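What follows is each chain in one-letter form.
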Amino acid sequence: MSETQGKGAVIMMDALGFKEYARGKPANQILEFMEAAFELAETYVPETVTVTFLSDTVIFASCGAEAADFQSAVDSIENVCTAAAKFLYAMADLSQSRTTSSSDVLNFRGALSYGEVAIRKTFLVGAAINEAAALHETADGAFIFAGPSVIQLLASIASEGGTANPRRKEITPPSLRALLRNYDVPLADGKSFETLVLNPLSIISGKSKREAEKWIENSMSAFRSSDLRVMIKATNTERFLEQMLDKVFS
């Protein structure tokens, strides 16, 4: 996709603990790892989604017509969420890839937004990019959460369907209910935000619960530091993933 603009969805996320991962490693090893991550991301990106990397920051963006309707809005959110969920799930197994020598695992935190997006080659601008950029480092753990623009959009869709003043748990369209789950996200400033969060276990169709549990164990191995701030992030992330596991296999 060389150039497009309109209304669309954006997920911006960055790797937790990337500085610790990179410390002491030669530049070529870091580049090999990130190249493998980029190739992995591209594997899960449909034609309607653009993926861009800047160091440890990853952006998935999808935009449609200039005057997008509700269905195209939901489709663009579903497209970026599906691509990101598959990428997040596969990242925990990247150490098994033949294209990289790294045995490290990285977790990501970020934000999902919706609004104006303009994409030209690898350049992305617009209100959706601005919101995602402002929010993507605010969660206190590995959460990809929906920002205000997405919540307002989905509430508008629910209201169009006849639900007056829809509650948060009632606003998620059927096609997004597995991908986006209600959760009270802990924030780095000590507050929390009740919103929708991307469930990386939503794409494990056909896998056993034990395989999902092993993935969680592998993902949690990324939190290696004894620093209190890292341990808090680990606790928050593990609590979230265990709840998502219960929802998927309940």
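Each value, and the rule that gives it
- Residues numbered from 1 in each chain as written.
- Predicted model: local features only at pLDDT ≥ 70, side-chain atom pairs only at ≥ 80, totals over all residues.
- Heavy atoms only, no water.
- Helix = DSSP H or I, 4+ residues; strand = E, 2+ residues; numbered from the N terminus.
- Buried < 20%, exposed > 50% of the residue type's maximum accessible area, 1.4 Å probe, protein only.
- Contact = heavy atoms within 4.5 Å.
- Areas by Shrake-Rupley, 256 points an atom, 1.4 Å probe, with all protein chains shown as cover.
- Core = buried A, V, L, I, M, F, W, Y, C linked by side-chain atoms within 4.5 Å.
- Patch = residues over 30% accessible without salt bridge, like charges linked within 9 Å, V, L, I, M, F, W, Y side chains within 5 Å.
- Salt bridge = Lys/Arg side-chain N within 4 Å of Asp/Glu carboxyl O.
- Pairing = 2+ DSSP bridges.
- Arc of directions from axis to C-beta.
- Axes fitted to C-alpha atoms, helices over the stretch in contact; angles between N-to-C directions.
- Parallel < 35°, antiparallel > 145°, perpendicular 65-115°, else oblique.
- Left-handed = near helix turned anticlockwise from the far one by under 90°.
- Nonpolar A, V, L, I, M, F, W, Y, C, P; charged D, E, K, R; others polar.

Visitor: It is not clear to me how the overall build of the protein should be interpreted in this structure. Could you clarify?
Guide: Broken down by element type, the protein carries 7 helices and 8 strands. Within the protein, buried positions represent 49% of all 250 residues. Summarising the internal contacts of the protein: among those between residues at least 6 apart in sequence, 72% fall at separations of at least 24. Surface accessibility of the protein: about 12200 Å² in total, with carbon and sulfur atoms responsible for 49%.

Visitor: Just to check I follow, could you spell out the nonpolar core for this structure?
Guide: Proteins that are soluble and globular tend to have nonpolar side chains buried together. Of all hydrophobic cores here, the largest spans 49 residues; its most connected members are I11, M13, F60, I77, F87, L112 and L198. In terms of residue count, the dominant contributor to this core is helix α3 (residues 70-91) (12 residues). Once residues within four sequence positions are removed from consideration, L198 is found in contact with I11, C81, A84, A85, L88, I144, L179, L180 and F240. Counting 25 residues, the second largest nonpolar core, distinct from the first, contains Y89, A212, M220 and A234.

Visitor: Please explain a nonpolar patch on the surface as it appears in this structure.
Guide: A cluster of nonpolar side chains, namely L228, M231 and I232, defines an oily patch on the protein surface of about 290 Å² accessible area. Within the element layout of this structure, L228 appears in helix α7 (residues 228-249).

Visitor: What am I meant to see in the pairing of strand β4 (residues 107-120) here?
Guide: Side chains on a regular strand alternate between the two faces of the sheet. The buried fraction of β4 amounts to 11 of the 14 residues, a majority that puts the element mostly inside the structure. In this sheet, strand β6 (residues 144-146) lies alongside β4 in parallel orientation, the contact comprising 3 bridges. Bridging across to β6, L112 finds its partner in A146. Relative to strand β5 (residues 123-125), β4 runs antiparallel, the two being bridged by 3 bridges.

Visitor: What should I look at first to understand the pattern of salt bridges in this one?
Guide: A side chain with one charge can pair with a side chain of the opposite charge if their charged atoms come near. All told, the structure shown has 6 salt bridges when counted by the stated rule. Among the salt bridges present, the one from R109 reaches D14, with a minimum N-O distance of 3.9 Å. One end of the pair, R109, is in strand β4; the other, D14, is in strand β1 (residues 3-16), with 95 residues separating them in the sequence. Here the two residues R109 and D14 agree in accessibility, since each one is buried. Close ionic contact of D140 with K233 constitutes a salt bridge, the shortest N to O distance being 3.4 Å. Of this pair, D140 sits in the loop between α4 (127-135) and β6 while K233 sits in helix α7, and the two are 93 residues apart along the sequence. For D140, a relative accessible area of 12% corresponds to the buried category. Given a relative accessible area of 18%, K233 falls into the buried group. Each of the salt bridges in this network shares a partner with another, and the network as a whole consists of R210, E213 and E217.

Visitor: I keep staring at α4 and nothing clicks. Help me out?
Guide: Given 3.6 residues per turn, any residue in an α-helix points the same way as the ones three and four places further on. Of the positions making up α4, those classed as buried are A128, I129, E131 and A132. Buried residues of α4, seen end-on, are gathered within an arc of 165° and therefore sit on one face of the element. The outward face of α4, more than 90 degrees from its buried face, is lined by the exposed residues N130 and A134.

Visitor: For this particular structure, what's the right way to read the packing of helix α2 (residues 27-43) against α3?
Guide: Relative placement of two packed helices is described by the angle separating their axes and the distance separating the axes. Remark: α2 packs on α3, axes separated minimally by 9 Å, with the N-to-C direction vectors making an angle of 140°. With respect to their mutual orientation, α2 and α3 come out oblique. When the axes of α2 and α3 are compared, the crossing they make is right-handed. Within the contact between the two elements, α2 uses F33, A37, L40 and A41 and α3 uses F87, A90 and M91. Split by residue class, the contact of α2 with α3 holds 7 nonpolar, no polar and no charged.

Visitor: Would you explain the environment of C81 in this entry?
Guide: Tracing the backbone through its elements, the reader meets C81 in helix α3. The class for C81 is buried, based on a relative accessible area of 0%. With 98 residues separating them along the chain, C81 and L179 place their C-alpha atoms 6.8 Å apart. Once residues lying within four places of it in the same chain are set aside, the contact partners of C81 are I11, L112, L179, L180 and L198.

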